[in-house]
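The lines below spell out each chain.
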Amino acid sequence: MKICRFDDNRLGLVEGDEVRDVTAAQEVLPSHCYPLPTFDPLMANLPRVIEEIHRIGPSAQILPLAGRRLLAPVANPGKVVAAPVNYRKHLEEARGDVSIHFDNQIREIQQIGLFLKASSSVVGASHGVEVQHPEGRNDHEAELVLVIGKPGRNIPRERAWDHIAAYTGGLDMTVRGPQERSMRKSIDSYTVVGPWMVTTDELRNPDELDFWLTVNGQPRQRANTRDLVLDIPTLIATASSYYTLHPGDLLFTGTPEGVGPVREGDVIEVEFGDIGRMFVDVRNAQRSYA
Ligand code: MN
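A brief structural summary. (Residues numbered from 1 in each chain as written. Predicted model: local features only at pLDDT ≥ 70, side-chain atom pairs only at ≥ 80, totals over all residues. Heavy atoms only, no water.)

## Side note on the overall build of the protein
Then comes step 1: Check the secondary structure of the protein and you find 7 helices and 20 strands.
Then comes step 2: Relative to the compact-globule value of 19 Å for 290 residues, the protein shows a C-alpha radius of gyration of 18 Å, a close match.
Then comes step 3: If one aligns the C-alpha atoms of the protein with their principal axes, the spans along those axes are about 55 × 45 × 40 Å.
Then comes step 4: The long-range share in the protein, meaning contacts at least 24 apart out of those at least 6 apart in sequence, stands at 76%.
Then comes step 5: Accessible surface computed for the protein: about 13300 Å², of which carbon and sulfur atoms make up 47%.
Then comes step 6: When the 31 positive and 40 negative side-chain charges of the protein are each reduced to one mean point, those points stand 3 Å apart. (Helix = DSSP H or I, 4+ residues; strand = E, 2+ residues; numbered from the N terminus. Rg over C-alpha atoms; globule rule 2.2 N^0.38 Å. Contact = heavy atoms within 4.5 Å. Areas by Shrake-Rupley, 256 points an atom, 1.4 Å probe, with all protein chains shown as cover. Lys, Arg positive; Asp, Glu negative; His and termini not counted. Charge placed at Lys NZ, Arg CZ, Asp CG, Glu CD.)

Written as C-alpha cells, this is what we have:
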C-alpha cells in the first residue's frame, strides 16, 4: 500500500497516477492531550488505520495525483536517525574532496556510528528545499529511508525487519563545512521525505533497491542498496542500541557516491525503485529575522 499525505493534511492511498482521499480513516486515531507523545500517532496505529482504509477506500473520492501538494508521509517523527558514509564509493569520494570533508577526518561508519537530524527539518516533496547558506556548498544526498512501526530498543539484527512499517525516499540535504553534522544537516527543509511511503508488504526488495537522482535532468547519483556498508538490519540494531526506536522515527540509510551542489532554481528529481519518484524545487530561504 502506498500512503501519502497531501494538500491540506489529507491522507491518501496512491494508485498509479491517482489518489484516493482516505482522510476519514484517521478518525480511528486516539486524541492526545498535553504532553504530546514523542512518537507519531499515525505510525503507532498504522495497522488499525490500514484496516479502515480497506473499509472506506472503495467509496473514497478519487483525485488525479498531478497537481496535489505532497507533504512528508510522516507528520510528526520523533527523531530522524541517519547513517554517514554508508557506501564505500561515497567514503572514497568524501575523503578525496576537500570541499566535502573540510579537513574533518572521514572515518568509517563502523567507528563513527550514526547521527541525528532535527525533526523540524522534515518536509515533503512539494515543499522543496530552501537553501539557507547559498554562499556555501549545499549538497543533495539521495537515501532510502526506513519508517519505524514498532517500538524497540536493543533490537537484534534478526528481529530488525519486524520493526519497519514502511519505506520512503529521502534527501539528506547538507551544507558542507567544518561544523558538526547535526548543525549542517538540520536546517529547515534539509530533510525531504517522500513522495509517499510504501508499506513493507508491498516492497519486497529494500535491500536490493535501485535508486537515482538528477539535477535539472543531469545524472548525479545512481546506486543500489545492496552496496550499503551497514545493511538495513545492522542499522536498526545499531540505532536501537543507543536510542529506543519509536513509531514514526525515520532512519536515513546513507547516500552513495555522486553527491553535488544545488542552487536556487534547480530541480532535483529522484526515484527509489518501486517506491516512486519525486521532484523537489530548490529556492533560497528568507534570511531576515522572523
Ligand atoms: Mn546522508
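Next comes the rest of the description.
## Quick look at the layout of surface pockets
Then comes step 1: By volume, the largest pocket amounts to about 470 Å³.
Then comes step 2: If you go around the largest pocket, you meet 28 residues; those closest to its centre are Asn104, Ile106, Ile112, Arg181 and Arg184.
Then comes step 3: Of all the secondary-structure elements, those providing two or more residues to the lining of the largest pocket are α3 (88-95), α4 (98-101) and α6 (181-184).
Then comes step 4: Per-element tally for the lining of the largest pocket: the top contributor is α6, with 3 residues.
Then comes step 5: Each residue belonging to the lining of the largest pocket can be placed in one class, and the counts come to 10 nonpolar, 9 polar and 9 charged.
Then comes step 6: The space that makes up the second largest pocket amounts to roughly 190 Å³.
Then comes step 7: Of all elements in the fold, only β14 (191-199) and β20 (276-284) reach the threshold of two or more residues within the lining of the second largest pocket.
Then comes step 8: The element that contributes the greatest number of residues to the lining of the second largest pocket is β20, accounting for 3 residues. (1 Å grid on protein atoms, 1.4 Å probe; cavity = no way out; pocket = protein on both sides within 12 Å on 5 of 7 lines; lining within 4 Å. Points joined across faces, edges and corners; volume = space filled by probe spheres on them. Nonpolar A, V, L, I, M, F, W, Y, C, P; charged D, E, K, R; others polar.)

## Regarding the coordination of the manganese ion
Each pair of donors in an ideal four-coordinate tetrahedral metal site encloses 109.5 degrees, whereas pairs in an ideal six-coordinate octahedral site enclose 90 or 180 degrees.
Then comes step 1: Within the protein, the atoms that donate to the manganese ion are Glu141 (OE), Glu143 (OE) and Asp172 (OD), at distances of 2.0 to 2.1 Å.
Then comes step 2: Linear spacing of the donor residues for the manganese ion on their chain is E-x1-E-x28-D. Taken together, the residues span a long stretch of sequence, with Glu141 in the loop between β10 (138-140) and β11 (142-148) and Asp172 in strand β12 (residues 164-172) at a distance of 31 residues.
Then comes step 3: By relative accessible area, which is 0% here, Asp172 ends up buried. (Donors = N, O, S within 2.8 Å, 3.2 Å for Na, K, Ca; no water. Buried < 20%, exposed > 50% of the residue type's maximum accessible area, 1.4 Å probe, protein only.)

## Quick notes on the pairing of β12
Then comes step 1: Taken across its 9 residues, β12 has 9 buried, putting it largely inside the fold.
Then comes step 2: For β11 and β12, the ladder comprises 7 bridges, and the chain directions are antiparallel. By the bridge assignment, Glu143 is partnered in β12 with Gly170.
Then comes step 3: By the bridge criterion, 6 bridges tie β12 to β14 in an arrangement that is antiparallel. Of the residues in β14, the one forming a bridge with Gly169 is Gly194. (Pairing = 2+ DSSP bridges.)

## Considerations on the packing of aromatic side chains
Then comes step 1: A complete count under the given rule lists 2 aromatic pairs for this structure.
Then comes step 2: Ring geometry for Phe211 and Phe272: centres 5.5 Å apart, planes at 15°, overall stacked. In this pair, Phe211 is assigned in strand β15 (residues 210-215) and Phe272 in strand β19 (residues 267-272), connecting sequence segments 61 residues apart.
Then comes step 3: Taking the relative accessible area as the measure of exposure, Phe211 reaches 1% and is therefore buried.
Then comes step 4: By relative accessible area, Phe272 is classed as buried at 0%. (Phe/Tyr/Trp six-rings, centres within 6.5 Å; stacked < 30°, edge-to-face > 60°.)

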